[in-house]
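An overview of the molecular structure
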Amino acid sequence: RAVAMSVSHSSRLNKLVREQYVRLPQDGLVQVTYVWIDGSGEGVRCKSRTLDKEPKSIEDVPEWNFDGSSTAQAEGSNSDMFLVPVCMFRDPFCLDPNKLVLCEVLKYNRKPAETNLRHTCKKVMDLVKDSHPWFGMEQEYTLLGINGHPYGWPDNGFPGPQGPYYCGVGADKVYGRDIVESHYKACLYAGVKICGTNAEVMPSQWEFQVGPCEGIEMGDHLWMARFILHRVCEDFGVVATLDPKPMTGNWNGAGCHTNYSTEEMRREGGLKHIEAAIEKLSKRHDYHICVYDPRGGRDNSRRLTGHHETSNIFEFSAGVANRGASIRIPRQVGQDGYGYFEDRRPAANCDPYAVTEAIVRTTVLNETGVETKDYADH
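Everything numeric here is computed off the predicted structure, so don't read it as measured data. Per chain, residues are indexed from 1 in the order of the written sequence. Selection of residues for local features in this predicted model requires a pLDDT of at least 70, selection of side-chain atom pairs for listing and counting requires 80 or more, and totals for whole chains, interfaces and linings are taken over all residues. The basis for the side-chain values is all heavy atoms of the structure; hydrogens and waters are excluded.

Before going further, it helps to spend a moment on the sheet that holds strand β4 (residues 80-90). DSSP-based pairing: two strands are paired if at least 2 bridges between them are found. Helix numbers and strand numbers start at the N terminus; a helix is a DSSP run of H or I with at least 4 residues, a strand a run of E with at least 2. Taken together, the 5 strands give an open sheet; going across it, the order is β2-β1-β5-β4-β3, and neighbouring strands pair in mixed fashion. Each edge of the open sheet carries a strand with a single partner, namely β2 (44-51) and β3 (64-67). Within the sheet, the average angular offset between the axes of one strand and its neighbour, ignoring direction, is 40°. The sheet contact formed by strand β1 (residues 30-37) and β2 spans 8 bridges and is antiparallel. Across the sheet, I37 pairs through a bridge with V44, a residue of β2. Packing of helix α5 (residues 217-236) onto the sheet brings it into contact with β1, β2, β4 and β5 (99-106), and relative to β5 it is tilted by some 115°. A fitted line through C-alpha atoms serves as each axis, taken over the contacting stretch for helices, and the angle formed by two N-to-C directions is quoted from 0 to 180°. Only heavy atoms enter the contact rule, under which two residues are in contact if any of them lie within 4.5 Å.

On to the packing of α5 against helix α11 (residues 352-363), then. Axis separation between α5 and α11 bottoms out at 8 Å; the angle between their running directions is 155°. Taken together, the axes of α5 and α11 lie roughly antiparallel to each other. Where α5 crosses over α11, the handedness of that crossing is right-handed. Along the contact surface, α5 presents M218, G219, D220, L222, W223 and R226, while α11 presents P352, Y353 and T356. By the convention adopted, Pro, Cys, Tyr, Trp, Phe, Met, Ile, Leu, Val and Ala count as nonpolar, Lys, Arg, Asp and Glu as charged, and the other residues, Gly among them, as polar. Looking at side-chain class alone, the contact of α5 with α11 contains 5 nonpolar, 2 polar and 2 charged residues. Any angle from 65 to 115 degrees is called roughly perpendicular, while one under 35 is roughly parallel, one over 145 is roughly antiparallel, and all others are oblique. Take the far helix as the reference: if the near one is turned anticlockwise from it by less than a right angle, the crossing is left-handed, and if turned clockwise, right-handed.

This next bit is on the pattern of salt bridges. Each salt bridge in this description consists of a side-chain nitrogen of Lys or Arg and a carboxyl oxygen of Asp or Glu lying within 4 Å of one another. One pass over the full model with this rule turns up 26 salt bridges. Ionic pairing is found between R267 and E263, a salt bridge with its closest N-O pair at 3.4 Å. One continuous salt-bridge network, built from bridges that share partners, spans E42, D243, R295, D299 and R302.

Let's shift gears to a nonpolar patch on the surface. Judged by side-chain polarity, V17, Y21 and L24 come together as a nonpolar surface patch covering roughly 310 Å² of accessible area. Looking at where Y21 falls in the secondary structure, it is placed in helix α2 (residues 15-22). Y21 gets classed as exposed once you look at its relative accessible area, which sits at 53%. To count toward a patch, a residue needs a relative accessible area over 30% and no salt bridge; like charges are then connected within 9 Å, while nonpolar side chains (Val, Leu, Ile, Met, Phe, Trp, Tyr) are connected within 5 Å. Accessible surface is estimated by sampling points in the Shrake-Rupley manner with a 1.4 Å probe; for residues, cover comes only from the protein chains shown. Note on classification: 1.4 Å probe, protein chains only; a residue is buried when its accessible area is under 20% of the maximum for its type, exposed when over 50%, partly exposed between these limits.

Right, let's get into α11. Residue count minus one, scaled by 1.5 Å, sets the expected span of a helix. Look at α11: 16 Å from first C-alpha to last across 12 residues, which is about the 16 Å you get at 1.5 Å a residue. With respect to burial, α11 is a largely interior element, 12 of its 12 residues being buried. Listing the buried residues of α11 in full gives P352, Y353, A354, V355, T356, E357, A358, I359, V360, R361, T362 and T363. Polar contacts, as used here, are pairs of N or O atoms within 3.5 Å; protein pairs need one atom able to donate a hydrogen and one able to accept it. Residues neighboring in sequence count only if both atoms are side-chain atoms. N-cap assignment for α11: the residue whose side-chain oxygen lies 2.8 Å from the backbone N of Y353 is D351.

Among the 8 residues in β5, 8 count as buried, and that is most of the element. Burial of the side chains of β5 extends over both faces: K99, V101, C103 and V105 are buried on one face and L100, L102, E104 and L106 on the other.

UniProt positions are given in the numbering used here, feature names are shortened, and annotations may be inferred rather than shown by experiment. Mapped onto this numbering, the UniProt entry annotates "domain: GS beta-grasp" (unreviewed entry) at residues 30-110. For the annotated span residues 30-110, helix accounts for 0% and strand for 48% of the residues, and the straight-line distance between the end C-alpha atoms is 28 Å.

Along its sequence, the protein is carved into domain 1 (9-114) and domain 2 (125-364). What counts as a domain boundary in this text is fixed by an automatic or database domain assignment. Distance between the C-alpha centres of domain 1 and domain 2: 26 Å. In this complex, domain 1 contributes 21 residues to the contact, which on the side of domain 2 involves 23 residues. Note on terms: buried area is the combined drop in 1.4 Å-probe accessible area of two parts once they are placed together, counting the loss on both. Contact between domain 1 and domain 2 buries roughly 1900 Å² in total, counting both sides, with carbon and sulfur atoms accounting for 69%. Ranking the residues of domain 1 by area buried against domain 2 places E42, F89 and F93 at the top, with a combined share of 33%. Inspection of the region where domain 1 meets domain 2 yields 1 salt bridge. Across the salt bridge formed by R295 and E42, the nearest N and O atoms sit 2.8 Å from each other. Taken together, the links from domain 1 to domain 2 amount to 5 residue pairs in polar contact (both at pLDDT 80 or more). Going through the elements one at a time, α2, β1, β2, β4 and β5 are the ones with two or more residues in the side of domain 1 that touches domain 2.

Before going further, it helps to spend a moment on unusual backbone geometry. Following D96, the chain continues to P97 via a peptide bond in cis, the omega torsion being 5°. P212 follows G211 through a cis peptide bond whose omega is -5°. Position of P212 among the secondary structure elements: in strand β8 (residues 205-214). Here the phi dihedral of H308 falls at roughly 55°; this positive angle occurs in a residue that is not glycine. Here H308 lies in the loop between α9 (298-301) and β11 (318-320). Its identity is not glycine, yet N366 carries a phi of approximately 60°, on the positive side. With respect to the helices and strands, the residue N366 is situated in the segment after α11. Judged by relative accessible area, which is 45%, N366 ranks as partly exposed.

What follows is the structure, given as structure tokens:
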């Protein structure tokens, strides 16, 4: 009864009835769902339209608009915002030939909206393209019932202490695997570069990984993976939160660990380039903390306490195989002498465009201090 009461009403509608309509022929017409980041910098919005033929590339998808006053992105007196398509995926909910299209948001004057962090990220990634920056991001999230309580937790009280849940198996150890596996398959169908998943340390907490992706592709694919996650959870009637510390007390928080390398780090002898990059990061810790969550570090301060497999938010540290450090060099990389490193500081609700841009600015463009350089359009 407790589990049934924690899911949304809409999830109890007969999904077999819906299937009857999803599979109807479309006579060459295509449903395109436009997806964008709203004024919170965390939430995603979507709406759909019909095109008279299947788009073969992103250039075939027309610009559109929406009411920015209803997404905290504009005033009501001047509310139209532009949706500029940037990346296209197959639609795992409405099926082929229908599409999901990720969009940048521009204001009435064609300038980027405040939460359109892709715009400058793309500019920076174009500048450093010869370094071939690769990223892989590990998105942790927590499943909540519609009542805001972690899904599967006792109504009054807590589950047993952390220990048996990480990569766990069994009904008494993991909650919501149906959602996780459905999300995985939906991402594969869509063309999102999802590369793995696992149950996390706190019960009802999960992780999926996206990558390797080069440059701007990292942010595009992680944002679409997040959209698909929220959409899958909607079908099951539960909520996925990216809050970095959804439960206070002796429970793990949620991060978005970011694995990174350049071409020279991936070559033989690359460890010296990895160490040089870490040295640059060590001198710019405050800047990175400010951009690693949407609230300038305030969200991450609840998570980066120095406990529960985190470093302290006020200190920079690095080490081989050290999950309590800001930067972890995997043991295999230390042995091979080349590869990648992991920045463990980004919060689960970070904007991947901001994180990847910051890492590249510091390690490739050699920026220092808390100010960023404004590069001319490339």
